[in-house]
Amino acid sequence: MSLVEQVVASFAGAKDPRLREIAESLVRHLHAFLADVRPTEGEWAAAVDFLTRTGRLSDEKRQEFVLLSDVLGASMAVIGLNHPADGVATESTVLGPFFVEDAPEYAMGDDISAGAPGTPCHLRGTVHSAAGAPLPGALLEIWQSDEDGRYDVQYPDLETMRGRARLHADAEGRYAFWTVHPEPYPIPADGPVGELLAAAGRGPMRPAHVHFKVSAPGHRTLITHVFPADSPHLDSDAVFGVQRSLIIDFPRHEPGPAPDGREVDTPFHTAEFDIVLAAE
Ligand code: BEZ
Ligand code: FE
C-alpha cells in the first residue's frame, strides 16, 4: 500500500463519518501538494516554524490564524460556500478581528462616533426579509475605523468604545445613525502574516468600510460591510473581502441641511444601505 493510502486507511476507524471524509481529503491534498512542490527539509522546517509562530501569536485578543485564513482567501471561500449569493439577500463578507460583543446601545439617529476623529457621515437604510417585509426591531451591530484608519481597540490608552454600536430598526425596519466617514487601513502586519505579505510583494491595505452584523428572529444573521465607491484598494483588498454589491456611494456635501433635518456646519457625507436578510 502506498504511503498516502496507509495514512488514509489510518483514519478508517473514525466514528464520525464527516471527520473520516475531511481527514481523507486533507491527507490526499496534502500529499499531492508535497509531491507537487517537493519541499527541501529546510523549507518544510521553515513552514512548520511559520505555523508555530502564527499559533504563538494567536489568543483571545489576537487571531493570527484567522488573519492567515483571510489573506489566503480561505475565509471568503468558506463564506461563499455557506452564504452563496442568491441575488436577493445582502451578500456576506469577513468578520475581521475588531468586532466587540458588548458595544454601547444607541437610539435611532444618534451619533455613534463618540468622539472618533473624522468627517461626519450620516448612514441610513432599511432591514427587510427576502420576501420584502420590513423587519422591525432587527439588531444592527456596527463597527468601523476612524479617519486615521484605526479602530477604538487599537488605541492602547482609550478607555471608552467609539465608532461601534448596537441599534435597533424601527417599526418600519428603518435605521439611521451619524458616524464618521471610514478610511482605508492596513491589517495587522507585524507578525508572520505580515512577513508573508511582504515576501510576496503584497500590500496589507483594506479599502474603507463600515462593518454590519444584522440579526432578526427567523433570519440568518448577516455579517457584512459597505464600501465607499471612491475608496482606494477596492481592487486590492488584502483579505479579498470586497463584493461588488456592497460598494455604495458616500457623497460629500458642503455645510447645510442633512437628511435628518439637522444643520451641519462642516462638510459631511451621506450613504444609504438597504439590508435584506435570508430566511433561516
Ligand atoms: C477588518 O475589516 O476589520 C479586517 C478583516 C480581516 C482582517 C483584518 C481586518
Ligand atoms: Fe474593518
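Predicted model, so just to flag it, every value in this text is computed and none were measured. (Residues numbered from 1 in each chain as written. Chains lettered and ligands numbered in written order. Predicted model: local features only at pLDDT ≥ 70, side-chain atom pairs only at ≥ 80, totals over all residues. Heavy atoms only, no water.)

**Student:** Help me understand the site of ligand 1 in this model?
**Tutor:** Around ligand 1 lies a shell of 13 residues, among which Pro97, Tyr185, Arg206, His209 and His211 are the nearest. Here an oxygen atom of ligand 1 and a side-chain polar atom of His209 are 3.0 Å apart. A distance of 3.0 Å separates an oxygen atom of ligand 1 from a polar atom in the side chain of His211. Of the residues contributing to the shell around ligand 1, the split by class is 8 nonpolar, 3 polar and 2 charged. (Near = heavy atom within 4 Å. Polar contact = N/O pair within 3.5 Å; in protein donor to acceptor, adjacent residues only side chain to side chain. Nonpolar A, V, L, I, M, F, W, Y, C, P; charged D, E, K, R; others polar.)

**Student:** Looking at this structure, I do not really get the coordination of the iron ion (ligand 2). What am I missing?
**Tutor:** The iron ion (ligand 2) binds to the protein through Tyr151 (OH), Tyr185 (OH), His209 (NE2) and His211 (NE2), with metal-donor distances spanning 1.9 to 2.1 Å. Around the iron ion (ligand 2), the 6 donor atoms sit at angles spanning 54 to 166 degrees, and that spread fits a shape best called irregular. All donor residues of the iron ion (ligand 2) come from one chain, and their arrangement in sequence is Y-x33-Y-x23-H-x1-H. On the criterion of sequence distance, the pair formed by Tyr185 in strand 5 (residues 185-186) and His209 in the loop between strand 6 (205-206) and strand 7 (210-215) is long-range, its members being 24 residues apart. For Tyr185, a relative accessible area of 3% puts it in the buried group. The class for His209 is buried, based on a relative accessible area of 0%. (Donors = N, O, S within 2.8 Å, 3.2 Å for Na, K, Ca; no water. Tetrahedral: all angles 85-135°; square planar, octahedral: opposite > 155°, others 65-115°. Helix = DSSP H or I, 4+ residues; strand = E, 2+ residues; numbered from the N terminus. Buried < 20%, exposed > 50% of the residue type's maximum accessible area, 1.4 Å probe, protein only.)

**Student:** What's the story with the side chain of Ser113 in this structure? I'm lost.
**Tutor:** By the secondary structure assignment, Ser113 is in the loop between helix 5 (74-82) and strand 1 (120-129). When near neighbours in sequence (up to four residues on either side) are disregarded, Ser113 contacts Arg162, Gly163, Trp178, Thr179 and Val180. (Contact = heavy atoms within 4.5 Å.)

**Student:** Explain the packing of aromatic side chains here, please?
**Tutor:** The relative placement of two aromatic rings is captured by the distance of their centres and the angle of their planes. According to the stated counting rule, one finds 9 aromatic pairs in the structure shown. Ring geometry for Phe98 versus Tyr151: centroids 4.3 Å apart, planes at 20 degrees, classification stacked. Taken together, the residues span a long stretch of sequence, with Phe98 in the loop between helix 5 and strand 1 and Tyr151 in the loop between strand 2 (139-144) and strand 3 (164-168) at a distance of 53 residues. Comparing Phe98 with Tyr151, the two get one shared label, buried. Their ring planes at 55 degrees and their centres at 6.4 Å tell us that Phe177 and Phe212 sit as a pair that is tilted. Taken together, the residues span a long stretch of sequence, with Phe177 in strand 4 (residues 174-180) and Phe212 in strand 7 at a distance of 35 residues. (Phe/Tyr/Trp six-rings, centres within 6.5 Å; stacked < 30°, edge-to-face > 60°.)

**Student:** Which parts of the structure should I look at to understand the pairing of strand 8 (residues 222-228)?
**Tutor:** Across a regular strand the side chains alternate sides, sitting on one face of the sheet and then on the other. In terms of burial, strand 8 is largely enclosed, as 6 of its 7 residues are buried. Inspection of the sheet shows strand 7 paired to strand 8 by 5 bridges, in the antiparallel sense. Within the sheet, the bridge partner assigned to His211 lies in strand 8 and is His225. Of the strand pairs in this sheet, strand 8 and strand 9 (residues 247-248) are connected by 2 bridges, and their pairing is parallel. The partner of Phe227 across the bridge, within strand 9, is Ile247. (Pairing = 2+ DSSP bridges.)

**Student:** In this structure, what is going on with the pattern of salt bridges? I would like to understand it.
**Tutor:** Any two side chains of opposite charge can pair, given that their charged atoms come close. Under the defined criterion, the tally for this structure stands at 17 salt bridges. Between Arg18 and Glu21 there is a salt bridge, and its shortest N-O distance comes to 3.2 Å. Taken together, the residues span about one helical turn, with Arg18 and Glu21 both in helix 2 (residues 17-37) at a distance of 3 residues. Residue classification places Arg18 among the partly exposed positions, given a relative accessible area of 48%. Note that Arg62 is salt-bridged to Asp190, the shortest N-O span being 2.8 Å. Of this pair, Arg62 sits in the loop between helix 3 (41-56) and helix 4 (64-71) while Asp190 sits in the loop between strand 5 and helix 6 (192-199), and the two are 128 residues apart along the sequence. (Salt bridge = Lys/Arg side-chain N within 4 Å of Asp/Glu carboxyl O.)

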